[in-house]
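Chains, contacts and geometry: an overview
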Amino acid sequence: MATFLYRLGRLAFRRRHFVALIWVALLTLAGVGAASAPAAGNTSFSIPGTEAQKAFDLLEQRFPGMSADGATARVVFKAPAGEKMTDAVNKATVKKTVKELARGSEVTSVADPYLAHAVSRNGTVAYASVKYEVSGMELEDSSRDALKEAAQDARDAGLTVEVGGDALTATPETGSSEVIGIAIAAVVLVITFGSLLAAGFPLLTAIIGVGIGVSTITALASALDLGSTTSTLASMIGLAVGIDYALFIVSRYRAELAEGREREEAAGRAVGTAGSAVVFAGLTVVIALVGLSVVNIPMLTKMGVAAAGTVAIAVLIALTLIPALLGYAGRRIKPAGQKSKLLGGGRTPKKPGRPNMGTRWASFVVRRPVAVLLLGVLGLGAAAIPAASLELGLPDDGSQPVSTTQRRAYDLLSEGFGPGFNGPLMVVVDAKDSAHPKKVFTEVGDRVEGLKDVVTVTPAAPNKAGDTATITVVPKSKPSSKTTEDLVHTIRDEGTEIGAKTDSEILVTGSTAMNIDVSQKLNDALLPYLALVVGLAFLLLIVVFRSVLVPLKAALGFLLSVLAALGAVVAVFQWGWLSGLMNVEQTGPVMSMMPIFMVGVVFGLAMDYEVFLVTRMREAYVHGEKPSQAVVTGFRHGARVVTAAAVIMIAVFSGFIGSSESMVKMIGFGLAVAVFFDAFLVRMALVPAVLALLGKRAWWLPKWLDRALPNVDVEGEGLRDADRDADPDGDRELVRA
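Report follows, based on the coordinates. None of these values were measured; they are calculated from a predicted model. (Residues numbered from 1 in each chain as written. Predicted model: local features only at pLDDT ≥ 70, side-chain atom pairs only at ≥ 80, totals over all residues. Heavy atoms only, no water.)

Looking now at the pattern of salt bridges. Per the counting criterion, the structure on display carries 25 salt bridges. Note that Glu-162 is salt-bridged to Arg-155, the shortest N-O span being 3.7 Å. For Glu-162, a relative accessible area of 8% translates into the label buried. Two residues, Glu-494 and Arg-447, come together in a salt bridge whose shortest N-O distance is 2.5 Å. Taken together, the positions of Glu-494 in helix H15 (residues 482-502) and Arg-447 in helix H14 (residues 437-449) put the pair 47 residues apart, joining distant regions of the chain. For Arg-447, a relative accessible area of 25% corresponds to the partly exposed category. Each of Arg-10, Arg-14, Glu-264, Glu-265 and Arg-269 takes part in one network of salt bridges that share partners. (Salt bridge = Lys/Arg side-chain N within 4 Å of Asp/Glu carboxyl O. Buried < 20%, exposed > 50% of the residue type's maximum accessible area, 1.4 Å probe, protein only. Helix = DSSP H or I, 4+ residues; strand = E, 2+ residues; numbered from the N terminus.)

What follows concerns the packing of helix H18 (residues 594-622) against helix H19 (residues 627-654). Where H18 contacts H19, the axes come no closer than 7 Å and their chain directions differ by 155 degrees. Taken together, the axes of H18 and H19 lie roughly antiparallel to each other. Helix-helix and strand crossings are classified by hand; for H18 and H19 the assignment is right-handed. Taken together, the residues of the contact of H18 with H19 sort by class into 19 nonpolar, 4 polar and 1 charged. (Axes fitted to C-alpha atoms, helices over the stretch in contact; angles between N-to-C directions. Parallel < 35°, antiparallel > 145°, perpendicular 65-115°, else oblique. Left-handed = near helix turned anticlockwise from the far one by under 90°. Nonpolar A, V, L, I, M, F, W, Y, C, P; charged D, E, K, R; others polar.)

If you trace the backbone, Pro-401 turns up in the loop between strand S5 (392-393) and helix H13 (405-417). What makes Pro-401 buried here is its relative accessible area of 11%. The sequence separation of Pro-401 and Val-584 amounts to 183 residues, and the corresponding C-alpha distance is 8.2 Å.

What follows covers the packing of aromatic side chains. How two aromatic rings sit relative to each other is given by the distance of their centres and the angle of their planes. Counted according to the given criterion, the structure contains 9 aromatic pairs. Measuring from ring centre to ring centre gives 4.7 Å for Phe-417 and Phe-421, while their planes differ by 20 degrees; the resulting arrangement is stacked. Geometrically, the ring pair formed by Phe-676 and Phe-680 is tilted, given 5.6 Å between the ring centres and 45 degrees between the ring planes. Placement of the pair is Phe-676 and Phe-680 together in helix H20 (residues 662-694), with a separation of 4 residues, close to one helical turn. Judged by its relative accessible area of 39%, Phe-676 is partly exposed. Judged by its relative accessible area of 25%, Phe-680 falls in the partly exposed class. Chaining the aromatic ring pairs together yields one cluster made of Tyr-127, Phe-417 and Phe-421. When the ring centre of Tyr-114 is taken as reference, the NZ or CZ atom of Lys-91 above it lies at 5.1 Å. (Phe/Tyr/Trp six-rings, centres within 6.5 Å; stacked < 30°, edge-to-face > 60°. Lys NZ or Arg CZ within 6 Å of the ring centre and 35° of its normal.)

Okay, here's the thing in C-alpha cells:
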C-alpha cells in the first residue's frame, strides 16, 4: 500500500492543476445538486421492533386518519392572580385561541379545555390539546409559527400561556459552535506548523470535504429521506477527521523535507507513510459509523452511513488534494523545525539540539513504565466509578432549560394536574379475535386503574368496528422517572396475562412508552455494536501493526477512556457535579443514545491517534531500532501532531457545551472529555508504558498468521528499500527553505 500511495502522492504533486480541478468540479457539482434538488421532505421516524411502534402501526390501520404518531402540543393557560380560568373573560380568550389553532393546515383536532374537562381542580390552570397529522420531526415550520402566534395572542389578552409537546421539536442550530471550533483549530495549527500557509491547508481541505459531503446529503435528502440531523453529524465528524488527516500528512511532508528530500519526493513519501495511517484510521471510523446500523433505527443508520461517506471523502482529499496544494506552495512550506518569517522564522534557537517535548516525555515513560501505567489506570478507573450508577433515558420537556416555553408549560401542568400528566400512556386493546371485545376493554381499564402508580384512567374509546380501543392512563410520576418506566412494564405484564385469556392483544404506546422502548433498544444493541466495531477494528489493526498485543492494548485502552468519559457525564448531568459551571439546569437520566454514540464516534477518533502514533513506532522498530527507542522515536515525530489533533477535537466538541439544548450539551461534553482521556491519558501515557514493558513481545505475531495476513506495508519498508538502492551511501543534501 505504501508504494501505491507514494506514487499517488507524487502524481498529485506533479498533476496538481488536474487534481485541483477535479475537486473544484466535485464541489461545484455537489453544490449545484444541492441547490437544484427538490426541497427535502419531512423525515419519517420509526423504531421497528418496539411495542410502541407496533401499537402506532395498529392504530393507523384500525383508526384511519387518527395519526396516532402525529405531533402533539399542549397550550397551557394560567389565570392572573386572583382570577380563574372559568371566568367569562378568560374563557372567551381560550375559546378564541382554540378556534385560531384549529385553522392550522396540519392540525387534525384541537380539544376545548372546557369540553374536555382540562381545567385544574382549583380552576387556575387549563390546557388545550392540539393534534397534528404528522410527527414532530415532519411538522412544517409554518405550523410551529402558527402555534406560537396563537399563544402570543392569548398572552396579549392577559393570560400566562406556555406551549409544550413535541410539536415544537426542532434541530438546534450549531453553526456558531462550528465557527468557534474552526477558529481554535486555526490557532492550534499555526502554533504547530509555525506557518500560516501550512496551517491553512488542513482547514481548507476539511472545509472542501465537508462542503462536498453536506451538499451531497442535501442533494439526496429528498430521495433518501435524510433529515437535518444527518448533515449536522456529517459536518461535525467530517470537519474533525478532515483536519486531522490533512494535519498528519502535512506534518510528515515537513519531516521529510527536514531529512533532505526533494519536494515531490517528500510529498510522495508523506502520502506513502502518513497516508497509509490515514487510510486505516479512516477505515476504523467508517466501520464505527456504518456499524450504527446494528441498532436497527433507520434514522440512526442513515446518519451513520452519511457521516461515513463524508469521512471517506476526507481520506481521499488528504491523499490527493493535500499533495497538490503542497505543489502549489513550493518553497513557502518550510521543513519541520523551521518557521515562516512572519512568525519568527530565521531566529537562532535558544537551545539548539535540545530534544522536543514528545521525546522528553516518552523517555520519562520508558524509564518509569510501571508508575505511569498504574497512575493512568487508577486515574481512569476513578473517573469511571460514577458510570456504575448510569441511568439511561430520553430527554423530555422537563429537562429543558427553565427559560424555554416547553419547560414552563411542563411545570404549569405539573402544578395543576400532577407530574405524571406530562407523560400520559396510551393503552391499545386489540380485541378483533375476541368473542366479547367490550368485556375485554372494561377488564383492561379496571385492571390498569387498580395499579398503585396510576392517577386516572379514561374510559375505553373504541373504533367504528368496535374491535379496537384506546385507553389513556395518567401516571403519578413524571415521564422520565424509574417509577413510570416500571408502570409501563407492569401494564404490559398485566396485558399479556389478560390477552392470553381473552384472545386479545394489549399494547402500551405514547411518547413516554416510545422513549422507554427506544432506550431499551439502544441498551440491547450496545454490546453487539461494541463487539462488531471493536472486533472488526481489531482485525484491521492486526493487519496494520502485524501484532496481536498492540491491537488488544488499543481496544482495552479505548474501553477505559469511554468508561471514564461516561463516568464524567454521569457525575455532571446525573449527579449534578459542576452543574453550575456547565450551566446544567436539570439533572436526570443520561440520554440513552449517549453510550452507543460515544462508542462509535470516540472509537474512530481514538484509533486515528493510535494508528498515527504507533505506526511511527512500528516503522522505527522495523527499520532496526530497539523497542524502547522505537517508542521514543514515535513520540519525537508524532506527539506534537497528535496533541494538536486532540486539542482541535476537544475544541470542536467543547463548542457544543454552550448549547441551550441539554442533549447537544451532553454530547459535546461527553465527546470532549472522551477525547481528552483517550488522547492524553491512554495514547500518550498508557500506550508507551505498555509498549515499554512488553518490549519485543509487543510486536509478536504467530508465524501462521503472519503468512496468512496481507502485507500492506504501512511502515513504508518498500520505500526504504528503494531509497537504499537510489542512495546507497546515504548522502543527501538538505532541501533549502
